[in-house]
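Descriptive structure summary
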Amino acid sequence: MLIRIVSNRNFVLTNDISNKIIPAKNHMQIITTHNNADFDSLASMLAAQKLYPEAKLVFAGSQEENLRQFLAISAHKINYYKVKQINIEKITRLILVDTRQAERIGSLSKALDRPDLEIIIYDHHPPTPNDLHGRIENIQEVGATTTILVHILKERKLKVTPAEATVFALGIYEDTGLLTYNSTTPADLMAAAHVRAWGADLNAINTFINRDMSAQQIFTLGELIQNAETYLINEIEVVISCISMEKYHGDLAILAHKLRDIEKIDALFMLVRLEARVHLIARSNLEQVNVGEIAMELGGGGHPTAASATIKELSLSQTKDKLLDILKEHISSSYTVADIMTTPAKSLTASASILEAKERFTRYGINHLPVVNDNMCVLGIISRQTVDKAIAHNMNDSLVAECMVSDISWLSPDTDLLSARKLIMQRHQPLLPVVEDKRLQGVITRSDLLRMMHEYMAHHPQLVYPKRDIQTYKKNLTALIRERLPDKVQNILKLVGQVGDEAGYAVYVVGGMVRDLLLRMDNLDMDIVAEQDGIEFARILAERVGGRYKAHAKFATAVLIFPDGFKIDVATARTEYYEHPGALPIVEQSSIKQDLYRRDFSINSLAIQLNQKHFGRLIDFFGGQQDIKNKVIRVLHSLSFVEDPSRVFRAIRFEQRFDFRIGKYTMDLIQHSKQRRLCDRLAGGRLMQELVMIFEEKNPAKAIIRMGKLELLHFIHPAIKANKRLIQLSGNIHMIIQWYNLLFLKHKIEKWLLYLLTICDQLNDKQAGQVYKRLNLGVRHIRLLNDVRAQTPKIMNRLYRFNDKAPSKIFRLLKGSRQEALLYAMAKTGSNQIKQTISFYITKLQHETPQIGGAELIELGFKPGPTFRRILDVVQNAKLDGRLKGRDAELDFVKKTFHLD
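Starting from 1, residues in each chain are numbered consecutively following that chain's sequence as written. Given that the model is predicted, a residue must reach a pLDDT of at least 70 before its local features are reported, and side-chain atom pairs must reach 80 or more before they are shown or counted; all residues, however, enter totals for whole chains, interfaces and linings. Each side-chain value is derived from all of the structure's non-hydrogen atoms; neither hydrogens nor water enter the calculation.

1. Comments concerning the side chain of Lys-751
Note the following rule: Numbering of helices and strands runs from the N terminus, with a helix taken as a DSSP run of H or I at least four residues long and a strand as a DSSP run of E at least two residues long. Each residue gets one of three labels from its accessible area relative to the maximum for its type: buried under 20%, exposed over 50%, partly exposed in between, using a 1.4 Å probe on protein chains only. Note on charges: Lys and Arg go in the positive column, Asp and Glu in the negative column, and His and the chain ends are not counted at all. Within this document, salt bridges are pairs made up of a side-chain nitrogen of Lys or Arg and a carboxyl oxygen of Asp or Glu, the two lying within 4 Å of each other. As used in this structure description, the phrase polar contact means that two N or O atoms lie within 3.5 Å; if the pair is within protein, one of them must be able to donate a hydrogen and the other to accept it, and residues adjacent in sequence are counted only when both atoms belong to side chains. What makes two residues a contact is simply this: any of their non-hydrogen atoms within 4.5 Å.
In this structure, Lys-751 sits in helix H31 (residues 751-759). As a buried residue without a salt bridge, Lys-751 has its nearest oppositely charged side chain in Glu-696, at a separation of 5.0 Å. Within the structure, the side chain of Lys-751 is placed 2.6 Å from the backbone oxygen of Glu-697, a separation counted as a polar contact. The contact partners of Lys-751, leaving out residues within four places of it in the chain, are Phe-695, Glu-696, Glu-697, Lys-698, Pro-700 and Ile-737.

In structure tokens:
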């Protein structure tokens, strides 16, 4: 037991601490604990208050679900305060229980700046570099802080009621796992006996700690088991399970214990995204994995065996990546490259001939050799396959330097094996030279790594036949592909995988097709990603199918066109960076994970591997499948909208298309991008492209209303207001376009144009022109928009004054109007009569023409000239008014009505 007294006053510690520390006048004492308080926190606070009866109980932040429920229904009235009810500036004594870290007490840490503040600490957590220190510290390595205080109460013979004893029991039993955790000490067992003797009701344990799981908890546990992945980090097996949820009611720690117990996990890290935060719950039975230290790196803390943290600024995938980096630092390896490398290494000099290289490969029976200069400095690698091809092309006398691969990676002897394995896998480099002081020291191959793993497994048989299969779980969508995709598309996907295998490429179908496959929606837009060179893969595939391809070298992409005209997009797995917000991306070759990470939202970051061995395997690094289940639109990282502000509009498009909702964290980022006016930096063409895609959706009106509510229409023009008129007009346009499409007329309208007119309806002509310029519209489209804006009010005004119902009069009145202007007038008018008139014109009148023409008039003896037009117009009017039916009737009408000169 450590009791440490620090004081600049004459102060003596006696058995009764509270009686010897006399509060001064206006002295405010508070007892507090860490954020996300549990039963040990509450029990410790309550026990400390018996030592310091004038102190107020203050929760520094939130409480775990179980504790909140207890406080809501407990018959024992516990008087506690929230931070906002406390004047922090008046605190003169701060009593900390179950923590001694400033970052875990929230805004109460502001009191630490007071020079006269007295700090008293009761805690059972191991020491850390960031620990606070008090004038009195009672720190013991026991299972619960409550245990420390229960023994003090027992020694001082202070009266404890059965209700208080029950709270103390909850604190002890919860933090010791019902006295079963390895961290449980004899002191905890004795404390449990004391509280039982004081009248603790053990039924409360069953009610609040050892209770059955709810349906939501069982479902969530199933998801955690399904998502769990096992990592062998420096010979230590670690399980990480990630899940994304918008809401959860219950104690996450219970799930961690259940997952660990069911799957017999020694080191578990559970990452749960709830709204804008990621919660880490970690448990370990291994000395090599101190989860308290690891959680501390993420802003949390705890014991070597149990710890937690709350991460606010990172996404789930970013938190996982950071956790893996921390684990690699904290879990030391006993193996390095020097332990398993082959030395001295066989090599070739750059000046050796191809024929000499062939002889060397044959002599040693190997497939790859490092290439060095005369000083044994590594220059590259050459393979047996390359040498064989060179010989087939009569290059026997060529130098090795001419055929070697010089873009290679190498290692130092002290590199850990995890880094070596990662480099071999990422670089697709079968051999890694080991270099020290620029000179070749040895080599390491895939075979060396496999041999090391085999030897390690032989000494750790529990890893050879694990009791769980969660580490190998990968979802396969082959059955769904067969169910949803046409045979032609299935055959293309299989062919892509087959060609990928033959060419040595890992190939995937990515993005929208995968997303819509999971949503069971039709989407045959095929995007293929090839690790290494996508353009070269498109060339190989085009040769196979007898098609052609168009390459876009700047973006490392190509379009493959099959003989029947079917197209697929092929891209190199790549990463992107942006020189400034709104700029086009700069593209660099990368891995499939980095390629998916550059995408806009998690639901679009999914891929399906097509190589024959793994055909149909779902690749989901960033929780896209879970977000599809939760119907959430979520960005992959916090700078997503900074890098590409157009994603703000894309988020709305996907939200409305799928009837999803934008996640809270993503919505916060949208609001932040609005405040920084990042959309102002979007090039007009890019903004227009996003708007056109929104306007081409099934129901753009919903997206327009959503943009209005989020005040995004201001970025098109500051004068656009999201008022009732805009909402009504958007809905009207949607209904009119739906009606028009059902007519199946030959004349196709430009749907996006009508919606752009809608959002610009409240603008004057000058302001509308500013919008067209902002969106970088072409001359043709500007002319069309101006024509429609000019014609629409004229059409409406004419029809308001028009009383003649003769079809020929209606025809002459509306003839020459643009189709978009007619539809726009139908949407804008409140008159059903005008709508019916325009509808009658579009459906019946506008395409009604005479069956006779100039040839028939010549046969009747009329001379060609302006008279023809006048005669045919009169015939058309008579036909529109129902007075003529058929060709013969039209000829008789002309004979009777018009006379030859």
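Structure's up, so let's keep going.
2. Observations concerning the packing of helix H13 (residues 354-364) against helix H14 (residues 384-392)
Heads up, the condition is: Working convention: axes come from line fits to C-alpha atoms, limited for helices to the stretch in contact. Angles between N-to-C directions cover 0 to 180 degrees. The cut-offs work like this: below 35 degrees is roughly parallel, past 145 is roughly antiparallel, 65 to 115 is roughly perpendicular, and the gaps in between are oblique. A crossing counts as left-handed when the near helix is turned anticlockwise from the far one by less than a right angle, and as right-handed when that turn is clockwise.
Packing of H13 against H14 leaves a shortest axis separation of 10 Å and a crossing angle of 135°. Overall, the two elements H13 and H14 adopt an arrangement that is oblique. In the packing of H13 onto H14, the handedness of the crossing is left-handed. Judged by residue contacts, Ile-354, Ala-357, Lys-358, Phe-361 and Thr-362 of H13 engage Arg-384, Val-387, Asp-388, Ala-390 and Ile-391 from H14.

3. Remarks on the sheet that holds strand S13 (residues 306-311)
What counts here: A pair of strands counts as paired when DSSP detects no fewer than two bridges linking them.
Taken in spatial order, the six strands make up an open sheet running S8-S9-S10-S11-S13-S12, and their pairing is mixed. At either margin of the open sheet sits one strand with a lone partner, and together these are strand S8 (229-233) and strand S12 (301-302). Here seven bridges tie strand S9 (residues 236-245) to strand S10 (residues 267-274), and the two strands are oriented parallel to one another. Of the residues in S10, the one forming a bridge with Ser-244 is Arg-273. Helix H11 (residues 316-330) rests against S8, S9, S10, strand S11 (277-284) and S13 of the sheet, and its axis sits at about 165° to S9.

4. Overview of the sheet that holds strand S26 (residues 607-609)
The pairing of strands in a sheet happens through backbone hydrogen bonds and is either parallel or antiparallel. Pairing is mixed in the open sheet, where seven strands are placed in the order S21-S22-S23-S20-S19-S26-S27. If you trace the sheet from one side to the other, it starts and ends with strand S21 (548-552) and strand S27 (618-619), each paired once.

5. What about the side chain of Asp-600?
On the secondary structure map, Asp-600 appears in the loop between helix H23 (592-597) and S26. Among the polar contacts made by the side chain of Asp-600, one reaches the side chain of Asn-604 at a distance of 3.0 Å. For Asp-600, the side chain forms a polar contact with the side chain of Arg-650, separated by 3.2 Å. Look past the residues within four positions of Asp-600 in its chain and what remains in contact with it is Arg-634, Val-635, Leu-636, Ser-640, Arg-647, Arg-650 and Phe-654.

6. Some points on unusual backbone geometry
Even without glycine at this site, Lys-157 takes up a positive phi of about 55°. A relative accessible area of 76% places Lys-157 in the exposed class. Look at Ala-556: it is not a glycine, yet its phi comes out positive at around 55°. Positionally, Ala-556 belongs in the loop between S21 and strand S22 (557-561). Relative accessible area serves as the criterion here: at 18%, Ala-556 is assigned to the buried category.

7. Some remarks on the pattern of salt bridges
Inspection of the entire model under this criterion finds 43 salt bridges. Taking the shortest distance from any N to any O, the salt bridge between Lys-629 and Glu-223 comes out at 3.3 Å. Here Lys-629 is found in helix H24 (residues 624-630), whereas its partner Glu-223 is found in helix H8 (residues 215-227), with 406 residues between them in sequence. The class of Lys-629 is partly exposed, set by a relative accessible area of 43%. The class of Glu-223 is buried, set by a relative accessible area of 6%. Ionic pairing is found between Lys-328 and Asp-325, a salt bridge with its closest N-O pair at 3.9 Å. One end of the pair is Lys-328 and the other is Asp-325, both in helix H11 and three residues apart, which spans about a single turn.

8. Brief notes about helix H20 (residues 487-503)
To keep it simple, the criterion reads: Take the residue count of a helix, subtract one, and multiply by 1.5 Å to get its expected span.
In this model H20 runs 24 Å from its N-terminal to its C-terminal C-alpha over 17 residues, within 8% of the 24 Å that 1.5 Å per residue would give. Among the residues of H20, Val-489, Gln-490, Ile-492, Leu-493, Val-496, Gly-497, Val-499 and Gly-500 are the ones counted as buried. Positive phi shows up at Gly-504, right after H20, with a value of about 80°.

9. Digging into the packing of aromatic side chains
To keep things clear, this is the line we draw: Here a Phe, Tyr or Trp ring, Trp counted by its six-membered ring, pairs with any other such ring whose centre lies within 6.5 Å, and the pair is stacked when the planes are under 30 degrees apart, edge-to-face when over 60, and tilted otherwise.
Under the defined criterion, the tally for this structure stands at 13 aromatic pairs. Considering the side-chain rings of Phe-39 and Phe-70, the 5.6 Å spacing of their centres and the 75° angle between planes classify their relative orientation as edge-to-face. Of this pair, Phe-39 sits in helix H2 (residues 39-51) while Phe-70 sits in helix H3 (residues 65-73); the two residues are 31 residues apart in sequence, bridging distant segments of the chain. On the accessibility criterion, Phe-70 (5% relative accessible area) is buried. Arranged with centres 5.9 Å apart and planes meeting at 20°, the rings of Phe-695 and Tyr-755 form a pair that is stacked.

10. Here's the deal with the pairing of S9
Among the ten residues in S9, ten count as buried, and that is most of the element. Here S9 shows two buried faces, one formed by Ile-236, Val-238, Ile-240, Cys-242 and Ser-244 and the other by Glu-237, Val-239, Ser-241, Ile-243 and Met-245. As paired strands, S8 and S9 are joined by five bridges and run antiparallel to one another. Counted as the bridge partner of Leu-232 is Glu-237 from S9.

11. Comments concerning the environment of Ala-683
Secondary-structure assignment places Ala-683 in the loop between helix H27 (664-675) and helix H28 (684-695). For Ala-683, a relative accessible area of 39% translates into the label partly exposed. Separated by 37 residues in sequence, Ala-683 and Ser-646 have C-alpha atoms that sit 9.5 Å apart.

12. Notes on the packing of helix H26 (residues 647-658) against helix H29 (residues 700-709)
The geometry of H26 relative to H29 is characterised by a closest axis approach of 9 Å and an angle of 135° between their N-to-C directions. Classed by the angle they form, the pair H26 and H29 counts as oblique. Every pair of crossing elements has a handedness; the one defined by H26 and H29 is right-handed. The residues of H29 that touch H26, namely those facing Phe-649, Ile-652, Glu-655 and Gln-656, are Lys-702, Ala-703, Arg-706 and Met-707.

13. Here we look at the confidence of the model for the protein chain
So the rule is basically this: The pLDDT score gives, residue by residue, the confidence of the prediction method on a 0 to 100 scale.
Overall, the predicted model of the protein chain reaches an average pLDDT of 86, with 90% of residues at or above 70. Note that pLDDT drops below 50 for residues 459-473; the model gives that stretch 21 contacts with residues more than four away or on any other chain. Confidence over residues 577-583 falls short of pLDDT 50; this stretch has 23 contacts with residues more than four positions distant or in other chains.

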